[in-house]
Amino acid sequence: MRGKTHCLEVWGDFACFTRPEMKVERFSYPVITPSAARGIFDAIYWKRSYGFYWQIEKVEILKPPRYIALRRNEVKDKAPPESTIIAWKEGKRQIEPLWADGDRDLLGTDQKGRTQRQTMALKDVHYRLYAHMKFRNGVSNTATHDDQFVRRASHGKCFYQPFFGCREFPAFFQHIETDDEKKTAFPLDMDLGWMLYDVFDLRQANDEFAHPRISIFHARMIRGVLNVPQYDEPAVKKVEEVTHA
C-alpha cells in the first residue's frame, strides 16, 4: 500500500553524494542519489514504528551540476557505539576523547589525530524531489500520514536538519503543493551509469539489527529529469544479483 506523491524543493550551498568506489578521496555523483533524497524525507517525517519507507519517484535538477575541490581535516577515529556513550553519561566508564590533533610526546604515537582528505563536492545545488510512502504491511490510514507530512513540511518542521550527503552540508526545503509553484527543470541529458540506490534493504524494517545491503541502478537523466525505479523492480540490482567480472 502506498500514500500519495509529495513534492519538495531542496537547495543548499554544498553537497557530496559520494561514489562508493571513491570513499577515501571522496568524489560526488553529479546529482543526488535516491538514498540521499530518502534521507531528506526521513528528516521531515519518519518513525520506525510507522512501518513505511519513502519511495523516491523522480528527481528534477533546477541548476546544472558544478564541482568544487575541498580539502578537509578529518579525525581518524570513529565515534564509539551508543552503548559506550550512554555508559560515559552515566559515569560507568571513563570518557575517552577522540583526538583531533596530537604528537608522539602527547599520544605516544604519530598515527592518531587527524588526516587531510580531498573531496570533489558539488556547489550551489537545487533539486525538486518526488516521493511517496510505501508501507511494508497493509495499513488503512495512509491519508493520516500524508496529512501529517504536509503539515510538517509546509511549516518547515523536521526531526533533524536534512543534509546533502554529509551532515556539514545542510539542505533547506520547501513543500510544493501546486504546479504553479514549480520552476522548469534545467535541460540536461546525461547517462550517469550505475548509481548507488540504497545501502539498506528497504523491504526490511530499518532497526538496530538491519544489515547493510547495497543496491544500484542504471541512472539516466533526460531533460533534467532522473526517473527512479521502485525498489522491488528488476531495474534495481541488489548485491546478490550483481555479476562480478
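Residues numbered from 1 in each chain as written. Predicted model: local features only at pLDDT ≥ 70, side-chain atom pairs only at ≥ 80, totals over all residues. Heavy atoms only, no water.

A separate point is the pairing of strand 7 (residues 166–170). Pairing of strand 6 (residues 163–164) with strand 7 involves two bridges; the strand directions are antiparallel. Of the residues in strand 7, the one forming a bridge with F163 is P170. Counting the residues between successive antiparallel strands, the hairpin from strand 6 to strand 7 contains one residue, one of them, G165, with a positive phi of roughly 85 degrees. (Pairing = 2+ DSSP bridges. Helix = DSSP H or I, 4+ residues; strand = E, 2+ residues; numbered from the N terminus.)

Here W54 shows up in strand 3 (residues 52–61). Put simply, W54 and R203 are 149 residues apart on the chain and 11 Å apart in space, counted from C-alpha to C-alpha. A polar contact is formed between the side chain of W54 and the backbone oxygen of Y45, at a distance of 2.9 Å. (Polar contact = N/O pair within 3.5 Å; in protein donor to acceptor, adjacent residues only side chain to side chain.)

Okay, the pattern of salt bridges next. Tallied over the entire structure, the rule returns 17 salt bridges. One salt bridge connects E60 with R128, and the closest N-O pair in it is separated by 2.6 Å. With E60 in strand 3 and R128 in strand 5 (residues 114–135), this pair connects stretches of sequence that are 68 residues apart. Each member of the pair, E60 together with R128, is buried. Linked through salt bridges whose partners overlap, the residues forming this network are E9, K58, E60, R128 and K183. (Salt bridge = Lys/Arg side-chain N within 4 Å of Asp/Glu carboxyl O. Buried < 20%, exposed > 50% of the residue type's maximum accessible area, 1.4 Å probe, protein only.)

Interpreting fine coordinate detail is not advised for predicted regions of low pLDDT. For the protein chain, per-residue confidence averages 88 on the pLDDT scale, and residues scoring 70 or more make up 96% of the total. Averaged pLDDT values for the elements of the protein chain fall to 75 in helix 3 (residues 104–107) and rise to 97 in strand 6. (pLDDT = per-residue confidence, 0-100.)

This next bit is on the state of the cysteines. Taken as a whole, this structure holds zero disulfides when the rule is applied. This cysteine, C16, is not joined by any disulfide, and C166 carries the nearest cysteine sulfur, 4.7 Å off. Overall, C16 belongs to the buried group, its relative accessible area being 1%. (Disulfide = S-S within 2.5 Å.)

This part covers the packing of aromatic side chains. Aromatic rings considered in pairs are described by the distance between their centres and by the relative angle of their planes. Counted according to the given criterion, the structure contains 13 aromatic pairs. Both rings, one in Y127 and one in F164, keep their centres 6.2 Å apart while their planes meet at 75 degrees; by these two values the pair is edge-to-face. You can see Y127 sitting in strand 5 and its partner F164 sitting in strand 6, a full 37 residues away along the chain. With a relative accessible area of 2%, Y127 lands in the buried category. Classification of F164 by relative accessible area gives buried; the value is 0%. (Phe/Tyr/Trp six-rings, centres within 6.5 Å; stacked < 30°, edge-to-face > 60°.)

Okay, the side chain of K238 next. With respect to the element layout, K238 can be found in strand 12 (residues 237–238). Since its relative accessible area comes to 3%, K238 is described here as buried. A polar contact is formed between the side chain of K238 and the backbone oxygen of Y231, at a distance of 2.5 Å. Within polar-contact distance, the side chain of K238 engages the backbone oxygen of V236 at 3.3 Å. Apart from residues no more than four positions distant in its own chain, K238 is found in contact with R203, R213, I214, S215, Y231, D232 and E233. (Contact = heavy atoms within 4.5 Å.)

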